[in-house]
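If you want the building blocks of each chain, they are given just below.
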Amino acid sequence: MSAGNLIDGRAIAAQIQNELAVRVAALKARGVHPGLAFVRVGEDPASKVYVGRKEKACADLGIFSETRILPENTSEAELLALLAKLNSDERLHGILVQAPLPKQIREAVIYSSVWADKDVDGFHPVNVGKLMLGDPTGFHPCTPAGVMELLARSQVNTSGAEVVVLGRGNIVGKPMAAMLCQKGRAANSTVTICHSGTRDIKAHCQRADILIAAMGVAEFVKADMVKPGAVVIDVGVNRVSDPTAKNGYRLVGDVDFKNIQPIAGKITPNPGGVGPMTIAMLLQNTVRAAERM
Ligand code: GUN
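Residues numbered from 1 in each chain as written. Predicted model: local features only at pLDDT ≥ 70, side-chain atom pairs only at ≥ 80, totals over all residues. Heavy atoms only, no water.

**Q** Break down unusual backbone geometry for me, with residues and values.
**A** Following Ala99, the chain continues to Pro100 via a peptide bond in cis, the omega torsion being 5°. Along the chain, Pro100 falls in the loop between strand E3 (94–97) and helix H4 (107–111). Unusually for a residue other than glycine, Gln155 sits at a positive phi of about 55°. On the secondary structure map, Gln155 appears in the loop between helix H6 (142–153) and strand E4 (162–166). Located in the positive-phi region is Asp200, a residue other than glycine, with phi close to 55°. Along the chain, Asp200 turns up in the loop between strand E5 (190–194) and helix H8 (201–207). (Helix = DSSP H or I, 4+ residues; strand = E, 2+ residues; numbered from the N terminus.)

**Q** Residues and numbers for the side chain of Thr268, please.
**A** Structurally, Thr268 can be placed in the loop between strand E10 (266–267) and helix H10 (274–291). At a separation of 2.9 Å, a polar atom in the side chain of Thr268 contacts the main-chain amide nitrogen of Asp234. Discounting residues that sit within four places of it in the chain, Thr268 has contacts with Ile7, Leu150, Val232, Ile233, Asp234, Phe257 and Gly273. (Polar contact = N/O pair within 3.5 Å; in protein donor to acceptor, adjacent residues only side chain to side chain. Contact = heavy atoms within 4.5 Å.)

**Q** Which residues make up the nonpolar core, and what values go with them?
**A** Ile212 and Ile233 are the most contacted members of the largest nonpolar core, which totals 51 residues. Looking at which element gives the most residues to this core, the answer is H10, with 10 residues. For Ile233, the contacting residues outside a window of four places in its chain are Ile7, Val147, Leu151, Leu211, Ile212, Ala213, Thr268 and Val274. In this structure, Leu86, Val97, Ala99 and Leu101 belong to the second largest nonpolar core, which totals 18 residues. (Core = buried A, V, L, I, M, F, W, Y, C linked by side-chain atoms within 4.5 Å. Buried < 20%, exposed > 50% of the residue type's maximum accessible area, 1.4 Å probe, protein only.)

Below, the structure is given as structure tokens:
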């Protein structure tokens, strides 16, 4: 198949941002200026890039943002003290603590300390619980929410579909599966989660009408694992060393795109697929948080 089967995440994200601009204007008309805080601990190069992109997206949409950068050796208590301040700062409707955190800081402690109403990442146990319960008042994690939106806006029928999710992480795999199996037209899938303990991952993948790769292994999904006509969503971002590249590495997804694109029904490019959608969903969650004010 030609490039006609590409799911253009950049175009879909831009469309969502246009829709959000109308809501931001309405908020400002009633005196509410949406605000979001970013917290980055340490100098993880990927985190720097991600936070930079999120800051720019906020600026483009007219959301106020401020970024707090803490050193790698920050203690858990110091980070908690900062979060207490950000929680009570009325200019801020959302708080995002970029993962991964240094090993002396327990992510579970941090993510339960951001107020659930400001948890635009959807990582607080209350929001995780609301997702599991199908309670729409919570925030959904941005990356799997972005995948749901990509599927819906690409007219992929998820209802009754066999979906295989590769990866069981808290940021993507687990919430992705929870969203897909909810009752409702835009979900209603039969979901299998595969992970490092799964026997015969290939056989599971070959059954999938929709295959979502989020396990963080470079080009793990090969063409012989994909049913012809399947929808393939690549969430992975992996650094592989490449002496011919300027920085000595290049970024690849979890999917062997070149060999799978010709047989897939629809497929996300990477970059330009899921990544922009994560940012669009963060903006959407922040606008929702502000609309509650
Ligand atoms: N690291 C990778 N993805 C994410 C995300 O969606 N939110 C945060 N806070 N950190 C991440």
